[in-house]
Amino acid sequence: MTPKEVVDLAKKNKTKIVDIKFMDLLGTWQHFSVPTSELEESLFEEGLGFDGSSIRGWQAINASDMLVIPDPTTAVMDPFMNVPTLSVLCNIVDPITKEKYSRDPRNVAQKAEAYLKSTGIGDTAFFGPEPEFFIFDDVRYQNDSNQCFYAVDSEEGTWNSGRDEEPNLGHKPRHKEGYFPVSPSDSLQDIRTEMLLLMEQVGIAMECHHHEVATAGQCEIDMRFAPLVQCADNLMWYKYIVKNVAKRYGKTATFMPKPLFNDNGTGMHVHQSIWKDGNPLFAGNGYAGFSEMGLNYIGGILKHASAICAFAAPTTNSYKRLVPGFEAPVNLAYSSRNRSAAIRIPMYSPSPKAKRMEARFPDPSSNGYLAFAVMLMAGLDGIENKIDPGEPLDKNIYALGPEELANIPTLPTSLEGALGALESDHDFLLKGDVFTQDLIDTWIEYKRENEVDQLRLRPHPYEMHMYYDV
């Protein structure tokens, strides 16, 4: 839409409020709202001023004045507000220089798309994430100097099979058996359907929804692939809709990678391909119908995978899921069909247009703008430097013996390891000024001080079980 069309849309829907949404560095939507009297065509050029000093990972208080510039192509009616509300996504610019802010994740994603075009390799990078999530009925947690605990609960939880529910009707998926029986074992069909329909309402092309592997309400709703920035925009709407529909039903949804012990965690497989002039570039006559360019892209992802993890598996909790031998692939290998490899080439269709690679180690705690951009930059580095991904590994990696596994590199085992990898391997991100050194340094510093160190300082409840009687 053009600015004029946005103004017309607001009038057509009798809009009273315009909600201004933008992204902090870590990946959470922030917003403020203005009356529709502020909605003029000039707003899309002049923007609105705000204080950025309290936004996580952003500017210091001595340089905190910023502008939000609404993107008219993102305008849509918010499906949750009681008062008719037009929602619009924004870019952040410096109010003095009018330059886009280097720590604005949406700006980073836009620069990644521009860099792809500047290389001449392709003109569009398509991304298709598969975010998983849990829907719980109750969540409680507390951390004090003398105690800490968490507790999540779900009517579906297999641990509730013996609870007096007046009556308890059973039909609770056992651990790792939630993929995917019909109702009544799957109790969340209607909730997911409402989520999917609202996603379509805000303009996201959807594919399917289903229960996922874990007990206690693990779900997945699949959206159709889209160009990088649009896909990251869609992912933010996806999370917003999932959380707010869950709230409508008196439930709570989380994209935390590993909220349950001893059952599957929550991943976000990311399908990727590059096109030029309407033609897919990853289709060819090589392994699994891939082109040399596509294999080189995989080579770049594998080479930089540890650094990618700092953005694509960006929480300490991510590494409770990325554990060798369990449900998430940590071995840096690629294969067709084999889901135990970190990179998979899906074989559902022989069509060249369906040819893409799938990164299986990211999770939905990530900031999509940054995670997609870092994977694109790694893949482009592989293409530009013709990085050979090596031989494919079509065996079940989980069944390999120690001698065979010793020759397969693995992902980091902690967020600290991923941050260390990013610290030593990030030159590929600086090309085209897509990521700045300032952003990378800020990311590493924030993650270490506010997440890695904070967890390291605190006794863990399980340590009481192991060590109280030493």
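Rules and cut-offs
Residues numbered from 1 in each chain as written. Predicted model: local features only at pLDDT ≥ 70, side-chain atom pairs only at ≥ 80, totals over all residues. Heavy atoms only, no water. Core = buried A, V, L, I, M, F, W, Y, C linked by side-chain atoms within 4.5 Å. Buried < 20%, exposed > 50% of the residue type's maximum accessible area, 1.4 Å probe, protein only. Contact = heavy atoms within 4.5 Å. Helix = DSSP H or I, 4+ residues; strand = E, 2+ residues; numbered from the N terminus. Lys, Arg positive; Asp, Glu negative; His and termini not counted. Salt bridge = Lys/Arg side-chain N within 4 Å of Asp/Glu carboxyl O. Polar contact = N/O pair within 3.5 Å; in protein donor to acceptor, adjacent residues only side chain to side chain. Expected span 1.5 Å × (residues − 1). Patch = residues over 30% accessible without salt bridge, like charges linked within 9 Å, V, L, I, M, F, W, Y side chains within 5 Å. Areas by Shrake-Rupley, 256 points an atom, 1.4 Å probe, with all protein chains shown as cover. Charge placed at Lys NZ, Arg CZ, Asp CG, Glu CD. 1 Å grid on protein atoms, 1.4 Å probe; cavity = no way out; pocket = protein on both sides within 12 Å on 5 of 7 lines; lining within 4 Å. Points joined across faces, edges and corners; volume = space filled by probe spheres on them. Nonpolar A, V, L, I, M, F, W, Y, C, P; charged D, E, K, R; others polar.

Draft legend 1. Structural context of the nonpolar core. Core analysis: the biggest nonpolar cluster contains 125 residues, and Phe-127, Met-195, Phe-361, Phe-372, Met-375, Leu-376 and Phe-435 have the highest contact counts within it. Contact partners of Met-195, with chain neighbours within four places excluded, come to Phe-133, Ile-135, Ile-221, Ile-241, Val-242, Val-245 and Ala-246.

Draft legend 2. Geometry of the side chain of Glu-132. Inspection of the secondary structure assignment puts Glu-132 in strand E7 (residues 124–136). Lacking a salt bridge, the buried Glu-132 has Arg-321 as its closest oppositely charged neighbour, with an N-O distance of 5.6 Å. In terms of polar contacts, Glu-132 uses its side chain to reach the backbone amide nitrogen of Gly-267, at 2.9 Å. Excluding residues that lie within four positions of it along the chain, Glu-132 makes contacts with Glu-212, Gln-218, Cys-219, Glu-220, Phe-255, Gly-265, Thr-266, Gly-267 and Pro-364.

Draft legend 3. Fine view of the pattern of salt bridges. Taken as a whole and assessed by the stated rule, the structure comprises 25 salt bridges. Put simply, Arg-56 and Asp-24 hold a salt bridge, and the shortest N to O gap is 2.9 Å. Of this pair, Arg-56 sits in the loop between strand E3 (48–51) and strand E4 (65–70) while Asp-24 sits in the loop between strand E1 (17–23) and strand E2 (29–35), and the two are 32 residues apart along the sequence. The exposure class of Arg-56 is partly exposed, given its relative accessible area of 33%. The class of Asp-24 is buried, set by a relative accessible area of 0%.

Draft legend 4. Structural detail: helix H6 (residues 292–303). With 12 residues, H6 extends 16 Å from end C-alpha to end C-alpha; this agrees with the ideal 16 Å at 1.5 Å per step. Most of H6 is tucked away, with 9 of its 12 residues classed as buried. Among the residues of H6, Gly-294, Leu-295, Asn-296, Tyr-297, Ile-298, Gly-299, Gly-300, Ile-301 and Leu-302 are the ones counted as buried.

Draft legend 5. A negative patch on the surface, seen in detail. A cluster of acidic residues, Glu-38, Glu-40, Glu-45 and Glu-46, forms a negative patch on the protein surface. Secondary-structure assignment places Glu-45 in helix H2 (residues 43–46).

Draft legend 6. Looking closely at helix H5 (residues 228–248). For H5, spanning 21 residues, the distance from its first C-alpha to its last is 30 Å, which sits close to the expected 30 Å at 1.5 Å a residue. Counted residue by residue, H5 has 16 buried out of 21 residues, so it is predominantly covered.

Draft legend 7. Here's a closer look at the environment of Thr-158. When you line up the elements, Thr-158 lands in the loop between strand E9 (148–153) and helix H4 (189–201). The exposure class assigned to Thr-158 is buried, which follows from its relative accessible area of 17%. Considered as a pair, Thr-158 and Ala-216 are 58 residues apart in the sequence and their alpha carbons are 7.0 Å apart.

Draft legend 8. Highlighting the layout of surface pockets. As a volume, the second largest pocket reaches approximately 840 Å³. If you go around the second largest pocket, you meet 37 residues; those closest to its centre are Glu-130, His-269, His-271, Arg-344 and Glu-358. Counting residues per element, the ones that place at least two in the lining of the second largest pocket are E7, strand E10 (206–211), strand E11 (218–223) and strand E14 (268–276). A breakdown of the residues in the lining of the second largest pocket according to their chemical character gives 11 nonpolar, 10 polar and 16 charged.

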